[in-house]
Amino acid sequence: MPTRILLEGRPGVGKTTALRRLAALLRTRAATGFTTEEIRQSGARVGFALETLAGRREVLAHVDLPGPPRVGKYGVDPGVMERLALPSLRSAATEEATGRLVLIDELGRMELACTAFRHAVDALFVADVDVVATVHTHRDPFTDALKRRADIEVVQLTPANRDVLPGKLAARLQQPPTHGEPPSHG
C-alpha cells in the first residue's frame, strides 16, 4: 500500500523547509512535485513563488496580480499550476509511474483555487504512488476530507520535531517496497 502523508502545521512552523530537506535527503528515490516560497520586498511579503523539484519557478500569487481568483490580498495565477505543477502530478498518477514519490507544498488555498490541481491531487491519492504533502491546520473542505481518509497518515509538524522529521521520513520512504500483499481497495 502506498505511503500517503499529510504534514500538518501552523503557518511559519517550517513545512516548506521540512519538505525541501526531505527532497534533499532522498538518495535512492527520485521524487517529483513542487514547493512554494514567500516573495519579499523590503521585508514585507508580497507574494508566493512555486518551484518544481526540477528547478522551474514562477510567481503563483502576488499583490500586483489582479486575479481572479484572489486569496486575501493576493491575486493568484492558476496558469502557474497548469504549467508547472500539473504535468508532473498527472504523469505520476498514471499506471506507468507505479512506485513514484510525489512531494507537494502545499495543499493550500492558493493552490486549491485551481480546480485542475484538486482533480490531480485526487488522482494521486488513489494511484499507486507515495505522496507527502504539506497542509495548514485551518479547516478546508478539500483537505479535511483527505485528513479523514483511513489510508492517509496526518503527521503534525511542530518546532520540536521539524528538524528531525525530514530524516525520519526519508529513511522510511527509501525502504524497499514490500510485495506479496495486494493493495486494499476498501
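Each chain has its residues counted from 1, running along the sequence as written. At least 70 in pLDDT is required for a residue's local features to be given in this predicted model, at least 80 for side-chain atom pairs to be given and counted, and no such filter applies to totals for whole chains, interfaces and linings, which use all residues. Excluding hydrogens and water, the side-chain values take into account all heavy atoms of the structure.

A.B. asks: What is the right way to read the sheet that holds strand E1 (residues 4-9) from this model?
C.D. replies: Adjacent strands of a sheet form backbone hydrogen bonds with each other and so pair up, either parallel or antiparallel. In this scheme, strands are said to pair when DSSP sees at least two bridges between them. The secondary structure listing takes helices from DSSP runs of H or I that are at least 4 residues long and strands from runs of E that are at least 2 residues long, numbered from the N terminus. The strand order E5-E6-E4-E3-E2-E7-E8-E1-E9 describes an open sheet built from nine strands, whose pairing is mixed. Both edges of this open sheet fall to strand E5 (70-71) and strand E9 (153-156), since each of them pairs with a single strand only. By the bridge criterion, six bridges tie E1 to strand E8 (residues 130-136) in an arrangement that is parallel. Bridging across to E8, Gly9 finds its partner in His136. By the convention used here, residues are in contact when the closest approach between their heavy atoms is within 4.5 Å. Every angle, taken between N-to-C directions, lies between 0 and 180 degrees, and every axis is a line fitted to C-alpha atoms, over only the stretch in contact when it is a helix. In the packing of helix H2 (residues 78-92) onto the sheet, contacts are made with strand E2 (31-41), strand E3 (44-52), strand E4 (57-62), strand E6 (74-76) and strand E7 (101-104), and the angle to E4 comes to roughly 125 degrees.

A.B. asks: Sorry, what's going on with the packing of helix H1 (residues 15-25) against helix H6 (residues 165-173) here?
C.D. replies: Helix packing geometry: the angle between the two helix axes and the distance between the axes. Two numbers describe how H1 lies on H6: the axes approach to 9 Å, and their chain directions differ by 40 degrees. The orientation of H1 relative to H6 falls into the category oblique. Helix-helix and strand crossings are classified by hand; for H1 and H6 the assignment is right-handed. For the pair H1 and H6, the contacting residues are Ala18, Arg21, Leu22 and Leu25 in the first and Pro166, Gly167, Leu169, Ala170 and Leu173 in the second. When residues are grouped by polarity, Ala, Val, Leu, Ile, Met, Phe, Trp, Tyr, Cys and Pro land in nonpolar, Asp, Glu, Lys and Arg in charged, and all others, Gly among them, in polar. Each residue belonging to the contact of H1 with H6 can be placed in one class, and the counts come to seven nonpolar, one polar and one charged. An angle below 35 degrees is read as roughly parallel, one above 145 as roughly antiparallel, one from 65 to 115 as roughly perpendicular, and any other as oblique. Two helices that cross are described as forming a left-handed crossing if the nearer one is turned anticlockwise from the farther one by less than a right angle, and a right-handed crossing if clockwise.

A.B. asks: Where do I start with H6 in this structure?
C.D. replies: Turn by turn, an α-helix covers 3.6 residues, leaving residues three or four places apart pointing in a common direction. Per-residue accessibility, obtained with a 1.4 Å probe over protein chains only, is compared with the maximum for each type, and a residue is labelled buried under 20%, exposed over 50%, and partly exposed between these values. For H6, the set of buried residues is Leu165, Pro166, Leu169, Ala170 and Leu173. All buried residues of H6 fall inside an arc of 130 degrees around its axis, so they share one side. In this structure, the buried side of H6 is in contact with E1, H1, E7, E8 and E9. Each direction from the helix axis to a C-beta atom contributes to the arc, which is the arc of those directions.

A.B. asks: Hey, could you run me through the environment of Arg149 in this one?
C.D. replies: With respect to the element layout, Arg149 can be found in the loop between helix H5 (141-148) and E9. Given the relative accessible area of 26%, Arg149 is considered partly exposed. Taking the C-alpha atoms as reference points, Arg149 and Arg40, 109 residues apart in sequence, are found 36 Å from one another. Apart from residues no more than four positions distant in its own chain, Arg149 is found in contact with Arg4, Phe125 and Val126.

A.B. asks: Would you take a moment to explain the pairing of E4 for this structure?
C.D. replies: Regular strands show a simple pattern: their side chains alternate between the two faces of the sheet. Pairing of E3 with E4 involves five bridges; the strand directions are antiparallel. Residue pairing for E4: Ala49 is matched across the bridge by Val59. The loop that links E3 with its antiparallel partner E4 comprises four residues; one of these, Gly55, has a positive phi angle of about 100 degrees. Bridge analysis of E4 against E6 gives two bridges, and the strand direction is antiparallel. Bridge pairing links His62 to Gly75 in E6.

A.B. asks: Help me understand the packing of aromatic side chains, please; the structure alone is not making it clear to me.
C.D. replies: In this description, a pair of aromatic rings is defined by centroid distance and the angle of the planes. Aromatic pairs are defined between Phe, Tyr and Trp rings, using the six-membered ring for Trp, whenever the two ring centres lie within 6.5 Å; interplanar angles under 30 degrees are classed as stacked, those over 60 as edge-to-face, and all others as tilted. If you walk through the whole model with that rule in mind, you get two aromatic pairs. For the pair Phe34 and Phe117, a centre-to-centre distance of 5.9 Å together with 65 degrees between the ring planes defines the contact as edge-to-face. You can see Phe34 sitting in strand E2 and its partner Phe117 sitting in helix H4 (residues 115-124), a full 83 residues away along the chain. For Phe34, a relative accessible area of 0% gives the class buried. On the basis of relative accessibility, which here comes to 0%, the residue Phe117 falls in the buried class. Judged by centre distance (5.4 Å) and plane angle (75 degrees), the ring pair of Phe48 and Tyr74 falls under edge-to-face. Pair noted here: Phe48 is in strand E3 and Tyr74 is in strand E6, with a separation of 26 residues, a long-range link. As far as the burial class goes, Phe48 and Tyr74 line up, both buried.

A.B. asks: For this particular structure, what's the right way to read the side chain of Lys147?
C.D. replies: Position of Lys147 relative to the elements: it lies in helix H5. Beyond its immediate stretch of four places on either side in the chain, Lys147 contacts Leu6, Glu8, Val135, His136, Thr137, His138 and Val154.

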